[in-house]
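Structural description and commentary
One-letter residues, chain by chain:
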Amino acid sequence: MTLHGADGAGGADALLTILELLARQAPPARFEALVDEARRSGLGDGELHRLERAVELAGTIDAGRAHDARREAGLAALADTARDLTLSYDLDGLLRVITRRARRLLGLDLAYVTLRGPHGACYVHTTEGSRAATGTGRGDGPRLAPGLRIAEGYGLGGAVQLHGEPVWTADYLADERFAPSGSLDAGVHAPAFDESAESALRTEGLHAIVAAPLRSGDTVIGALHGGDRRVRHHTAEEIALLAALADLASLAVEKAGLLDRTRAEVSELERDSARARSRLTRMRHVSEAHSRIMNLVLAGGDLCNVAKAAADALDATVLIRDPGGRCLATAGDAPGLDEEAVAKASLDAHAHRRPVLADDVTWVAPVIAGSEDLGVLVVHAAGGLTGEDERLLELAAQSVAFLLLMRRSTAVAEGPVRDELLDDLIADPPHAPQQIAQRARRLGVDLRRPHVLVLARPEGGEQGRAVVWASSYAYRLSGLKTVQGGCIVLLLPGIDASAAAKAVAAELSPLLGHPVSVAGAGPAQSPDGVGRMHQEAGRCLDAMSALGGTGSAASMQDLGFLGLLLSDDNDVDGFVDAAIGPVLDYDAERFTDLTHTLEAYFASGGSPTNAAEALHVHPNTVSRRLERIGELLGPEWQKPGQVLEVQLALRLQRTREVLARGRVTSDPARQPGPPERTA
């Protein structure tokens, strides 16, 4: 555009040109070119001054228009950010939007948000424009990245935390207010120093930094930072815009916190509801399981059925034991059961009258009726028991107690009939065997199975409790009971008379609180053998009394050679085999002479040297043979009690050999050979 001379028309043309440039939003360089052209064209001083003034006013108008545009863009960005807050529920996403817009609107190199931690220190939550993401930072120091911890009171963030107002600096690295010895507010604030945060800022190469507070009510919870990698003076409008974005970030944090708390409350309500439903379901399961167990009891089910029902309900192994620890019924396997821990827990369970934990997976529940101890329930649950399971365990124990009491009542009711049957079995002469067998079958007793007979004599005190217990005990084991001559007579299924006697003593003595002498005999497998067992048990009980064994439990087998003399069958083979059987077997298998060495040893008064002379061998040979005998008979074979039985067995064996040779001599048809020994 050409300007003419110093006349009014030229000045008017220049003003028109300025208006056209202003309308087209021409850059400032075009206005400056217009003034330069006017000077070159020789425009008069007055007109040139007016032209310069017009250009200046046009620049002011353009700056105002640019300011309005920036202000409008900032307001639009704030409106967009506020709208985003209503759309997104993710705190990380919201803060990323805010830092991205702060960086774009203010023309920043870097924007980041710090939030205050629970102990006062801050940490970087979100960054935009950090070199940490691109790996272009200087050196190997810490980067301004999410998770970086910043000491309380450090830098601009510390100043914002203290004053609650925006803080800025044109050149942070050269600003002495933020040096370790500086003071942002003389006498009030001495900034803290954080070496890692300081190093991160230097790695980013930041100079100009501005920070605005994030507030929650009157509390500052963090700051929105903007930074440039050049020296820059921020305007009041830029600081206000950053503060407005910081307020939106505060809303985002509060919204996210509220949502987190709401989610946590909803989750807790859901968990409470799930727990309530689970508890209700479990209580229903407990009620149904208890009903099934009680129906079994009332329908006449036995302990095995009750144990299985309880095991299914508890998903565990269940053992029902009597007061003596003997297993009455089992459902499942419990390998590696710590019996010592179970015994201790049994005492605690009865003392506290509730289930007790024996170890991590084993519970013991008392089976009690009033003050009477009926036994325990041992539950081995690999998956543990809940509170409802413990309640079910208590109910199962009560059901078992009820069943045991019902059995006792039945046993007491049937007592006279059962007593009469056992009286007839031990009568002399015995009653008709066929009739007795039929009566026994009607009472659930199979006399064709092996049975043992136990004779128990309470030593002092009344017999009432002992008789009641014996009725229940015999009924529980499918046996019979009667009382004769002040002694309780029990006919029980089994083959080990000694074990049966000890089991009776172990349970009856604690119940009565005074000693009980118990003798066992048997086994027998027919009705006519019961009387013989009764006589044998009586002789055993008399022998125990004569030997000072009152209050103990034993059988003929436990009495050694006395049992051999007192028993009806005189089992010489069994006695010899028990006393020196291993030595006889060793000689027979290896063609050795340990038996003669034993005889020579005893004949010489227990002297290996004299025994060697009698055997015509070296004393060391005798010593080695005696060591071998000790290995075969056990380390206590030379103690007085066992020595007596060994000597008696040797004499019996020698006598049998002599008699065998006599039979061979008197019968020419038989060939001589070694004597036979019945195992």
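Up top is the structure.
What counts and how
- Along every chain, residues carry numbers that run from 1 in the direction the sequence is written.
- Local features in this predicted model are restricted to residues of pLDDT 70 or higher, and side-chain atom pairs are both shown and tallied only at a pLDDT of 80 or more, whereas totals for entire chains, interfaces and linings draw on every residue.
- The side-chain figures draw on all heavy atoms in the structure; neither hydrogens nor water molecules are used.
- Where helices and strands are cited, they refer to DSSP runs of H or I of at least four residues and of E of at least two residues respectively, numbered from the N terminus.
- Residue burial is assigned from relative accessible area. The probe radius is 1.4 Å, only protein chains are included, and a residue is buried under 20% of its type maximum, exposed over 50%, and partly exposed in between.
- The contact criterion used throughout is that any non-hydrogen atoms of two residues lie within 4.5 Å.
- The accessible surface values rely on the Shrake-Rupley method and a 1.4 Å probe; as for residues, cover is taken only from the protein chains in view.
- What we call a nonpolar core is a set of buried Ala, Val, Leu, Ile, Met, Phe, Trp, Tyr and Cys residues that are connected through their side-chain atoms within 4.5 Å.
- A fitted line through C-alpha atoms serves as each axis, taken over the contacting stretch for helices, and the angle formed by two N-to-C directions is quoted from 0 to 180°.
- Orientation labels follow simple angle bins: below 35 degrees gives roughly parallel, above 145 gives roughly antiparallel, 65 to 115 gives roughly perpendicular, and whatever is left gives oblique.
- Think of it as three bins: nonpolar holds Ala, Val, Leu, Ile, Met, Phe, Trp, Tyr, Cys and Pro, charged holds Asp, Glu, Lys and Arg, and polar takes everything else, Gly as well.
- Note on definitions: the grid is 1 Å and covers protein atoms alone; a cavity is a set of points where a 1.4 Å probe fits but cannot get out; a pocket is an open set with protein on both sides within 12 Å along at least five of seven lines; lining residues have an atom within 4 Å of a point.
- Grid points are joined across faces, edges and corners, and a volume is the space filled by probe spheres set on the points.
- Here, strands pair whenever DSSP counts at least two bridges between them.
- Handedness of a crossing is defined here by the sense of rotation of the near helix relative to the far one, left-handed for an anticlockwise turn of less than a right angle and right-handed for a clockwise turn.

Some thoughts on the overall build of the protein
The number of helices and strands found in the protein is 20 helices and 16 strands. For the protein, with 679 residues in total, the buried portion stands at 43%. When contacts within the protein are restricted to residue pairs at least 6 apart in sequence, long-range pairs at least 24 apart make up 60% of them. Here the protein displays about 34700 Å² of accessible surface, and carbon together with sulfur accounts for 53% of that area.

Let's talk about the nonpolar core
Across soluble globular proteins, nonpolar side chains have a tendency to be buried as a group. Within the largest apolar cluster, 35 residues are counted, with the highest numbers of intra-cluster contacts made by Leu-303, Ile-320, Val-367, Leu-377, Val-379, Leu-393 and Val-400. Counting residues per element, the ones that place at least two in this core are α7 (236–298), α8 (303–314), β7 (317–321), β8 (327–331), β10 (362–369), β11 (372–380) and α10 (387–425). Of the residues forming this core, the biggest block, 9 residues, is contributed by α10. Every residue in contact with Leu-303, bar those within four places of it in the chain, is listed here: Ile-320, Leu-328, Ala-329, Val-400, Leu-403, Leu-404 and Arg-407. Within the second largest apolar cluster, 27 residues are counted, among which are Ala-521, Cys-540, Ala-554 and Met-556.

Focus on the packing of helix α4 (residues 91–106) against α7
Running from N to C, α4 and α7 cross one another at 175 degrees; their axes reach a closest spacing of 9 Å. On the basis of the axis angle, α4 is roughly antiparallel to α7. Counting all contacts with α4, which are made through Leu-91, Leu-94, Leu-95, Ile-98, Arg-101, Ala-102, Leu-105 and Leu-106, the residues of α7 involved are Glu-238, Leu-241, Leu-242, Leu-245, Leu-248, Ala-249, Ala-252, Val-253 and Ala-256. In terms of residue class, the contact of α4 with α7 is built from 15 nonpolar, no polar and 2 charged.

Considering empty space enclosed by the protein
A full pass over the atoms with the stated rule returns 4 cavities of 30 Å³ or more. Roughly 210 Å³ of volume is contained in the largest cavity. Taken together, 21 residues make up the lining of the largest cavity; nearest its centre are Ile-150, Tyr-154, Leu-156, Gly-157 and His-225. When contributions to the lining of the largest cavity are tallied by element, the ones reaching two or more residues are β1 (110–116), α5 (155–163) and α6 (195–204). Within the lining of the largest cavity, the residues separate by chemical class into 11 nonpolar, 8 polar and 2 charged.

Brief notes about the sheet that holds strand β14 (residues 487–493)
Pairing in this open sheet of 5 strands is mixed, and the strands run β13-β14-β12-β15-β16 from one edge to the other. Each edge of the open sheet carries a strand with a single partner, namely β13 (480–484) and β16 (553–555). Here the average twist between neighbouring strands, direction ignored, is 20 degrees. Pairing of strand β12 (residues 451–458) with β14, which is carried by 6 bridges, proceeds in the antiparallel orientation. Paired with Val-454 across the two strands is Leu-490, which belongs to β14. Its contacts with the sheet put helix α12 (residues 464–476) on β12, β13 and β14, and the angle it makes with β14 is roughly 10 degrees. Contacting β12, β13, β14, β15 (516–524) and β16, helix α14 (residues 529–546) crosses the sheet at an angle of about 145 degrees to β15.

A few points about the packing of α12 against helix α13 (residues 497–512)
Relative to each other, α12 and α13 sit at 145 degrees, their axes nearing to 11 Å. Our pair here, α12 against α13, has a crossing hand that is right-handed. When α12 is examined against α13, the residues Arg-465, Ala-466, Trp-469, Tyr-473 and Arg-476 are found in contact with a partner set consisting of Ala-503, Val-504, Glu-507, Leu-508, Leu-511 and Leu-512. Looking at the contact of α12 with α13 residue by residue, the class counts come to 8 nonpolar, no polar and 3 charged.

Points about the sheet that holds strand β6 (residues 219–228)
The strand order across the open sheet formed by 6 strands is β3-β2-β1-β6-β5-β4, and the pairing between neighbours is antiparallel. Of all strands in the sheet, those bounded by a partner on one side alone are β3 (149–150) and β4 (167–169). In the sheet, β1 pairs with strand β2 (residues 122–128) via 6 bridges, with the strands oriented antiparallel. Along β2, the bridge assignment pairs Arg-116 with Cys-122. Packed onto the sheet, α5 meets β1, β4, β5 (208–216) and β6 and runs at close to 35 degrees relative to β5.

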